[in-house]
Amino acid sequence: MVLAAALVINLNENVTLHFEPMYLQKGAKQNLIDASFGNAEFRFKGDIVEVPVFLKLDINAGSIHPYLMAGPTVGFIVNSTLEIAGAGSEFKGDADDIIKTLDWVSDLAVA
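None of the values given here were measured: they were computed from a predicted structure.

Rules used throughout
Residues numbered from 1 in each chain as written. Predicted model: local features only at pLDDT ≥ 70, side-chain atom pairs only at ≥ 80, totals over all residues. Heavy atoms only, no water. Helix = DSSP H or I, 4+ residues; strand = E, 2+ residues; numbered from the N terminus. Rg over C-alpha atoms; globule rule 2.2 N^0.38 Å. Buried < 20%, exposed > 50% of the residue type's maximum accessible area, 1.4 Å probe, protein only. Contact = heavy atoms within 4.5 Å. Areas by Shrake-Rupley, 256 points an atom, 1.4 Å probe, with all protein chains shown as cover. Patch = residues over 30% accessible without salt bridge, like charges linked within 9 Å, V, L, I, M, F, W, Y side chains within 5 Å. Salt bridge = Lys/Arg side-chain N within 4 Å of Asp/Glu carboxyl O. Phe/Tyr/Trp six-rings, centres within 6.5 Å; stacked < 30°, edge-to-face > 60°. Lys NZ or Arg CZ within 6 Å of the ring centre and 35° of its normal. Polar contact = N/O pair within 3.5 Å; in protein donor to acceptor, adjacent residues only side chain to side chain.

K.L.:
Residues and numbers for the overall build of the protein, please.
P.N.:
Secondary structure summary: the protein contains zero helices and eight strands in total. In the protein, the succession of α and β elements from N to C terminus is β-β-β-β-β-β-β-β. In terms of overall size, the protein is more extended than a compact globule, its C-alpha atoms giving a radius of gyration of 20 Å where 111 residues would be expected to give roughly 13 Å. Over its C-alpha atoms, taken along the principal directions, the protein stretches across nearly 65 × 25 × 20 Å. Within the protein, buried positions represent 21% of all 111 residues. In the protein, 52% of the contacts between residues at least 6 apart in sequence involve partners at least 24 apart. Put simply, the protein shows about 7,700 Å² of open surface, and 60% of that area lies on carbon and sulfur atoms.

Here you go:
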């Protein structure tokens, strides 16, 4: 599930500032096969709030309108769970204490 919004601020004719906060649900699944341990399945689920902030430069080239966007995206994990099943046992619990809760990414787009 993704919930998002956008705010665009015109700084001048060719430059805009974009704020695009969003709520995301992400997950991952990994199967492990080990001769001594047996088979195990790991599942991670996280609720994440991401806040991308982009500076967009429009390049007016006649009928073609290329642009360049760049900026950081900051993500905050607000809730996470870890599930492990294997060797006849199961574990399901809060994973907030064992994962980092802040993610920082630099983005660049050319179109």
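K.L.:
Would you mind going over a nonpolar patch on the surface in detail, with residue names and values included?
P.N.:
Taken together, the side chains of Leu57, Ile59, Leu68, Leu108 and Val110 present a nonpolar region at the surface, about 470 Å² in accessible area. One can find Ile59 in the loop between β5 (38-58) and β6 (67-86).

K.L.:
Explain the side chain of Lys56 residue by residue, including any values.
P.N.:
The topology assignment puts Lys56 in strand β5. For Lys56, a relative accessible area of 18% corresponds to the buried category. Once residues lying within four places of it in the same chain are set aside, the contact partners of Lys56 are Asn14, Val15, Thr16, His18, Tyr67, Leu68 and Met69.

K.L.:
Describe the packing of aromatic side chains, listing the residues and the values that go with them.
P.N.:
A complete count under the given rule lists zero aromatic pairs for this structure. Sitting over the face of the ring of Tyr67, Lys56 holds its NZ or CZ atom 4.3 Å from the ring centroid.

K.L.:
I'd like to hear about the environment of Asn12, residue by residue, with values.
P.N.:
By the secondary structure assignment, Asn12 is in the loop between β2 (7-10) and β3 (15-19). Residue Asn12 is classed as partly exposed on the basis of its relative accessible area, which comes to 45%. Along the sequence, Asn12 and Leu32 sit 20 residues apart, while their C-alpha atoms lie 54 Å from each other. One polar contact links the side chain of Asn12 to the main-chain amide nitrogen of Asn14, over a distance of 2.8 Å. Reaching out from Asn12, the side chain makes a polar contact with the backbone nitrogen of Val15 at a distance of 2.9 Å.

K.L.:
Explain the pattern of salt bridges to me, using residue names and the numbers behind them.
P.N.:
If you walk through the whole model with that rule in mind, you get six salt bridges. Residue Lys26 pairs with Glu50 through a salt bridge whose shortest N-O separation is 3.3 Å. Of the two residues, Lys26 sits in strand β4 (residues 22-34) while Glu50 sits in strand β5, which places them 24 residues apart along the sequence. Residue Lys26 is classed as partly exposed on the basis of its relative accessible area, which comes to 41%. A residue is classified by how much of its surface remains accessible, and Glu50, at 14% relative accessible area, is buried. In this structure, Lys56 and Asp58 form a salt bridge, with 3.9 Å as the shortest nitrogen-oxygen distance.

The values are spatial; any link to function lies outside them.
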